There are 2 protein chains.
Amino acid sequence: MYSYQAPLRDIQFSAFELLGYAEHYASLPGVESIDAEFAEAVMDQTARFAEDVLAPLNAPGDLQGVRWQDGQVFTPDGFKEAYQQYAEGGWVGFSCQPEYGGQGLPKSLNTMIGEMRGAANVAWSMGASLSAGAIDTLMAYGTEEQKQTYLTRLITGDWTATMCLTESHSGTDLGLLRTRAEPNADGSYAITGSKIFISYGEHDMTDNIVHIVLARLPDAPKGTKGISLFIVPKFNVNADGSLGERNGVTCGSIEKKMGLHGSPTCVMNFEGATGYLLGPENRGLNCMFTFMNAMRLGTAAQGVLHSQVALQKSQQYARERLQMRSLSGVKAPESEADPIIVHPDIRRMLLTQKVVAEGGRMFVHYMAQQLDLSEHAADEAQREQSNKLLSFLTPIGKAFLTEMGLEAASLGIQCFGGHGYIHETGVEQNLRDARISTLYEGTTGVQALDLLGRKVLGSGGELLGLFTSQVLEFCKAERSEQFSGQAKQLEQLVKDWLQLTQGIGEKAMQDADEVGAASVDYLMYSGYVIFAYLWLRAAEVAAEAIESKGDADGFYQAKIDTASFFYQRMLPRAMAHKAAAGAGAESLMAIAEEGFCF
Amino acid sequence: MYSYQAPLRDIQFSAFELLGYAEHYASLPGVESIDAEFAEAVMDQTARFAEDVLAPLNAPGDLQGVRWQDGQVFTPDGFKEAYQQYAEGGWVGFSCQPEYGGQGLPKSLNTMIGEMRGAANVAWSMGASLSAGAIDTLMAYGTEEQKQTYLTRLITGDWTATMCLTESHSGTDLGLLRTRAEPNADGSYAITGSKIFISYGEHDMTDNIVHIVLARLPDAPKGTKGISLFIVPKFNVNADGSLGERNGVTCGSIEKKMGLHGSPTCVMNFEGATGYLLGPENRGLNCMFTFMNAMRLGTAAQGVLHSQVALQKSQQYARERLQMRSLSGVKAPESEADPIIVHPDIRRMLLTQKVVAEGGRMFVHYMAQQLDLSEHAADEAQREQSNKLLSFLTPIGKAFLTEMGLEAASLGIQCFGGHGYIHETGVEQNLRDARISTLYEGTTGVQALDLLGRKVLGSGGELLGLFTSQVLEFCKAERSEQFSGQAKQLEQLVKDWLQLTQGIGEKAMQDADEVGAASVDYLMYSGYVIFAYLWLRAAEVAAEAIESKGDADGFYQAKIDTASFFYQRMLPRAMAHKAAAGAGAESLMAIAEEGFCF
């Protein structure tokens, strides 16, 4: 109904005007030459691909879905051709090392690409991005031979990869997994077990698929400390790089899901499949966790793109749909009714979507900048500090942005009224596709425990302090009268954050359940404070821009207005989360297990 | 995966222990003989039908969906037979007048039936309940001949009915509708136009379908004051009651929707179809609005049933699924992990669902009691007061409960983790089916304007005062120490409610957009206060029951625990809504129409 338009203007604002990506790239060894112009060219090219190639396949792909037949999986019409175009364009290896065929560009640029790709077609995008985790893992832990055999083919996009973690009884709790790896005489392993929820575990887009499989060696310790990684190709690879025999791994079925109908979610059966140890024995989880932040950053960006899609469609509809008259007087006398954008409550919904889409974009770009720094900064202290900051921000970004993305996507339906429930308008698909985002890559509850338990309390408050001191410093800066009220609000929120943390920490020393009881509300509170910080920064940058160069299209004034809306109408929710997070575990733990439902 | 179990124990608690339905029925002329035993028998019979007949058709109906072929519509396997069983059981005419074949039972009992029927299979239930509006309208405005011809056949369930309101350009704004009614020589009318979103507008469950159609007479005034009602049967009816020729109304297509796949949503084309005027000319909307409260009560109950389904499935899964150890120490040493119900955040989600399901049930039963009184109370003053109270409560009940139902349904997915995204577990279908509930029968935004604009400010505060005085009186009653803190909280909330209303009212005199700007947050605030009132009442009733008769199964203690949870962890959200509702229109109206999206 409405076609996707990449939000290039806002991406540029967030990355370059707000976060100074030009200076950022200039400071990074190896990519100093990236300037705004180069980035713009990359973004333009990606935008064209997303708008012209991917977006038109989105709704048809949802209706057609994937098909499983005798172990083979067929993706929707056009998916394969789009993937080939993507691989040929060099997008797969965009931020991979040049020595193995990548372009060596910073991950922050890749993040911007990922947003547009996913907004245009998130089911297809799952297939295009799923190699990233395997590429990182192979790069860090693969032998030179493994890199030459597998990594180079993944970077070109000739093959794709999967990460095979989950088993039916073992999801969040990977320590329970049972897939076995028995040593073969030739140094390889025979992998046996069944994995579920493997995205693009089988498909028709490439000749080969490289599975990175979590399994246990025969004498491995129980739990998470006995898990090793194995490379299991769909087709064995001959010494000359050509494909050999089919390996013992097959797709047993695909899931019927709420959304992402164009993305196959496979049950993968390993029946003595030949695998090759990747990285040290029994250290598989540690190897994988190295890349957790980068992987979760990609999921955080899904919150942004689902909000962006909802916002775009909603505002177009709200400007066209004529229904009722404005309560404050006729606004479109030439029509039989006013466009619904005149109604305050429609505006409330649009502004909420805008806060999430654009605020989430700033948040993601901010994290991506720290990711670049943690990997590439010249100074080791800087790398370390950015890594700490990123570790702290990642669970908040992943969980808060995907939760907010669900709200924005649901409001997208609400803005369309009954028409939003119909497939044709695209907004219900957007919610169905979005609904997985708070579940995979660690549920909201898992992120919240990671934040409060491991990152905040586990570091004795160090990581929290690293971020809050930056915000408090920002609050103390001189500023115009226009923003001083918001800065005071923000300062108070940060002080309350520190106090809330201390209170929970003290209770947690008596009872560890206090951490879990407070965690999700604590995380949501944290997210609202970070939004308050970023939106105030955005408003100030916008005000400066208006003064220095005017505001021909009203872009900057809209930033200032949206910040006001956020502070007045959404930020009060932080109070509710603070109260809930501070309420203690008693009201959760008191009720008997049998008492929930009669 | 988990089969539906009707929550008979809690229905009994809410209706009979909390709201005194036995005394209530004893006070109503004509139904004095209904006692708890009779009601229990009706509930048991309904529960068996819902659990054994309807629930097994629910997931298969979603997968199979409805099929449209050359104007004919085929419902999923089993739907037709279940409908016949339902009609034969006398459920269709349960609360209809005995003189036309109904059982004459109060609508509050019917509401309880509706909850179970919908929880078991909401797509099927749409078909079973859609005649209610038409029956009420025919009863009130039909001629004796129309009643004999149509009403009696609807009450037996031989035929079904629809309400044909919406056109593609005319949804909320019915004043825009264009369907025409031209007088025929014989006193009938030729109806021409196209209607959309007509649930069960065409189906294979009965021989005939009676459409109640909104259309305009040739000389009708513009807008809502020029709409009349017409009876348009699918097959014309001969004088002897037998079916005559096919009328000029056909189903042009059915919609592809997010959920309710078993319920056909039809485009109905009227091409000079023969129609019969129902009620006075040009007064069609007024006739329909008479029954708005009853219709919206049914939708409010959908919030309850979607929450109930989510709660049931979630708590069963949470007690079975083993994943991770409790942070406060191993709870199930015999297993390789603890059931996830030990984790505080899982409990937070379950308790939230329980608050909505059981709190919503009390809310719906409370409204249904007022509906009974407004229709049947012996005393006219009582009828009038109950009607006022119901008018005030209806928009809150419809919008607040369906919004909360979406949250509970979404948490249902969250409790299942990645498995919640898969069709098999049923929780994703529950959210898809639920998503329509905040849209139809008036969106949340429409309900909020009705509440704040028409009911609260429009009555000069009278309707609000009618309810709040009852709550304040309750707060002042003597009570045990145990609940005095909650009573004080509730009293303060009510005072803030009155103050908030006054503030908005004053601003609205300067600018009518202030009403729309405050409305949804105002409604949500109202909903939380009503929940606070009902949950405190429930806790007190439970405490008395424990004292008087003990608590063998822990049912009553769970009520008290859930009320505590609500007050401590959910009620703080009311603060956020109050702040947003009080923030004024400026932050919504400032941004330019072009400024929402770049």
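Residues numbered from 1 in each chain as written. Chains lettered and ligands numbered in written order. Predicted model: local features only at pLDDT ≥ 70, side-chain atom pairs only at ≥ 80, totals over all residues. Heavy atoms only, no water.

Novice: Would you mind going over the packing of aromatic side chains with me for this structure?
Specialist: Pairs of aromatic rings are described using the distance from one ring centre to the other and the angle between the two planes. Scanning the entire structure with this criterion turns up 48 aromatic pairs over all chains. With 5.9 Å between their ring centres and 40 degrees between their planes, F392 of chain B and F467 of chain B make a pair best called tilted. Of the two residues, F392 of chain B sits in helix α13 (residues 380-415) while F467 of chain B sits in helix α16 (residues 462-476), which places them 75 residues apart along the sequence. The burial state of F392 of chain B is the same as that of F467 of chain B; both residues are buried. Of the aromatic side chains, those joined through ring pairs into one cluster are Y366, F392, F467, F474, W497 and Y533 of chain A. Positioned above the aromatic ring of F235 of chain B is the side chain of R246 of chain B, whose terminal nitrogen or guanidinium carbon lies 5.5 Å from the ring centre. (Phe/Tyr/Trp six-rings, centres within 6.5 Å; stacked < 30°, edge-to-face > 60°. Helix = DSSP H or I, 4+ residues; strand = E, 2+ residues; numbered from the N terminus. Buried < 20%, exposed > 50% of the residue type's maximum accessible area, 1.4 Å probe, protein only. Lys NZ or Arg CZ within 6 Å of the ring centre and 35° of its normal.)

Novice: Any chance you could explain the relation of the copies chain A and chain B here in plain terms?
Specialist: Each of the two chain copies can be generated from the other by rotation about an axis followed by a shift along it. For the match of chain A to chain B, the screw axis carries a shift of 0.0 Å, the RMSD comes to 0.0 Å, and the turn is 180 degrees. Both copies are brought into coincidence by an operation consistent with a two-fold rotation axis. Of all interface residues in chain A, 100% are interface residues in chain B too; the two copies therefore contact each other through one and the same surface. (Least-squares fit on C-alpha atoms with pLDDT ≥ 70 in both. Contact = heavy atoms within 4.5 Å.)

Novice: Can you walk me through the environment of Q97 of chain B in this structure?
Specialist: Residues and elements named next belong to chain B. Note on placement: Q97 falls in the loop between α5 (79-88) and α6 (107-120). Assessed through its relative accessible area of 35%, Q97 is described here as partly exposed. A C-alpha to C-alpha distance of 9.1 Å links Q97 and I155, two positions 58 residues apart in sequence.

Novice: How should the environment of Q470 of chain B be read in this particular structure?
Specialist: Residues and elements named next belong to chain B. Inspection of the secondary structure assignment puts Q470 in helix α16. The residues touching Q470, leaving out its near neighbours within four places in the chain, are Y366, L389, Y533 and R537. A polar contact of 3.0 Å, which involves the side chain of Q470, links it to the side chain of Y533. (Polar contact = N/O pair within 3.5 Å; in protein donor to acceptor, adjacent residues only side chain to side chain.)

Novice: It is not clear to me how the domain arrangement of chain A should be interpreted in this structure. Could you clarify?
Specialist: Accessible area lost upon the coming together of the parts serves often as the stated size of an interface. All names here are of chain A. As far as domains go, chain A holds domain 1 (8-289), domain 2 (291-441) and domain 3 (443-587). The C-alpha centroid of domain 3 is placed 34 Å from the C-alpha centroid of domain 1. On the domain 3 side, the residues contacting the seven residues of domain 1 number nine residues. Both faces considered, domain 1 and domain 3 share a buried interface measuring about 780 Å² in area, 64% of it formed by carbon and sulfur atoms. The largest per-residue losses of area from domain 1 upon contact with domain 3 belong to R9, F13 and L18, which jointly make up 61% of the total buried on that side. (Domains from an automatic or database assignment. Buried area = accessible area lost by both parts, 1.4 Å probe.)

Novice: Please clarify how the pairing of strand β7 (residues 228-233) of chain A should be interpreted in this entry.
Specialist: Sheet faces and side chains relate simply in a regular strand, where the side chains alternate between the two faces. Residue and element names in this part refer to chain A. Where burial is concerned, most of β7 is hidden: six out of the six residues are buried. Burial of β7 is two-sided: the residues S228, F230 and V232 facing one way and the residues L229, I231 and P233 facing the other way are all buried. Where strand β6 (residues 209-215) and β7 come together, six bridges link them in antiparallel fashion. Within β7, the position partnered with V210 by the bridge is P233. (Pairing = 2+ DSSP bridges.)

Novice: It is not clear to me how the interface of chain A and chain B should be interpreted in this structure. Could you clarify?
Specialist: The interface of chain A with chain B comprises 103 residues on the first partner and 103 residues on the second. Between chain A and chain B lies a buried interface of about 8,800 Å² when both sides are counted; carbon and sulfur atoms form 62% of it. Among the residues of chain A in contact with chain B, Y421, F596 and F598 of chain A are the three that bury the most area, contributing 11% of the side total. Taken together, the links from chain A to chain B amount to four salt bridges. The partner of E336 of chain B in a salt bridge is R178 of chain A, and the shortest N-O contact between them spans 3.1 Å. The tally of links from chain A across to chain B stands at 44 residue pairs in polar contact (both at pLDDT 80 or more). (Salt bridge = Lys/Arg side-chain N within 4 Å of Asp/Glu carboxyl O.)

Novice: I tried to follow the packing of helix α1 (residues 8-18) of chain B against α6 of chain B on my own but got confused; where do I start?
Specialist: In a packed pair of helices, the relevant descriptors are the angle between the two axes and the axis-to-axis distance. All names here are of chain B. Between α1 and α6, the least distance of the axes is 12 Å, while the angle of their chain directions is 155 degrees. If you check the angle between α1 and α6, you find them roughly antiparallel. The handedness of the crossing between α1 and α6 is right-handed. Residues L8, I11 and A15 of α1 form the contact with α6, whose own contacting residues are M112, E115 and M116. Residue composition of the contact of α1 with α6, by class: five nonpolar, no polar and one charged. (Axes fitted to C-alpha atoms, helices over the stretch in contact; angles between N-to-C directions. Parallel < 35°, antiparallel > 145°, perpendicular 65-115°, else oblique. Left-handed = near helix turned anticlockwise from the far one by under 90°. Nonpolar A, V, L, I, M, F, W, Y, C, P; charged D, E, K, R; others polar.)

Novice: Even after reading the chapter, I still don't get the pairing of strand β9 (residues 243-246) of chain B, so can you show me in this structure?
Specialist: Residues and elements named next belong to chain B. The pairing of strand β8 (residues 235-237) with β9 spans two bridges and is classified as antiparallel. Pairing of V237 across the sheet is with L243, part of β9. In textbook terms, the turn of a hairpin is the stretch between consecutive antiparallel strands, and for β8 and β9 this stretch comprises five residues, one of which, G241, has a positive phi near 90 degrees.

Novice: I would appreciate a short explanation of the environment of A185 of chain B in the present structure.
Specialist: In this structure, A185 of chain B sits in the loop between β4 (180-183) and β5 (189-199). Along the backbone, A185 of chain B and P218 of chain B are 33 residues apart, and their C-alpha atoms lie at a distance of 14 Å.

Novice: Looking at this structure, how should I read the packing of α13 of chain B against helix α18 (residues 513-549) of chain B?
Specialist: All names here are of chain B. In the contact formed by α13 and α18, the axes pass within 9 Å of each other and the chain directions differ by 90 degrees. Classified by the angle their axes make, α13 and α18 are roughly perpendicular. The segment α13 lies against α18, with L393, P395, I396, A399, F400, L401, E403 and M404 engaging L523, M524, S526, G527, Y528, I530 and F531. For the contact of α13 with α18, the residue count by class is twelve nonpolar, two polar and one charged.

Novice: Quick question: what am I supposed to make of the nonpolar core here?
Specialist: Note on soluble globular proteins: their nonpolar side chains tend to be buried together. Residues L490 of chain A together with L490 of chain B are the most contacted members of the largest nonpolar core, which totals 362 residues. If sequence neighbours within four positions are ignored, L490 of chain B has contacts with V471, F474, C475, V529, A532, Y533, L536 and Y567 of chain B. (Core = buried A, V, L, I, M, F, W, Y, C linked by side-chain atoms within 4.5 Å.)

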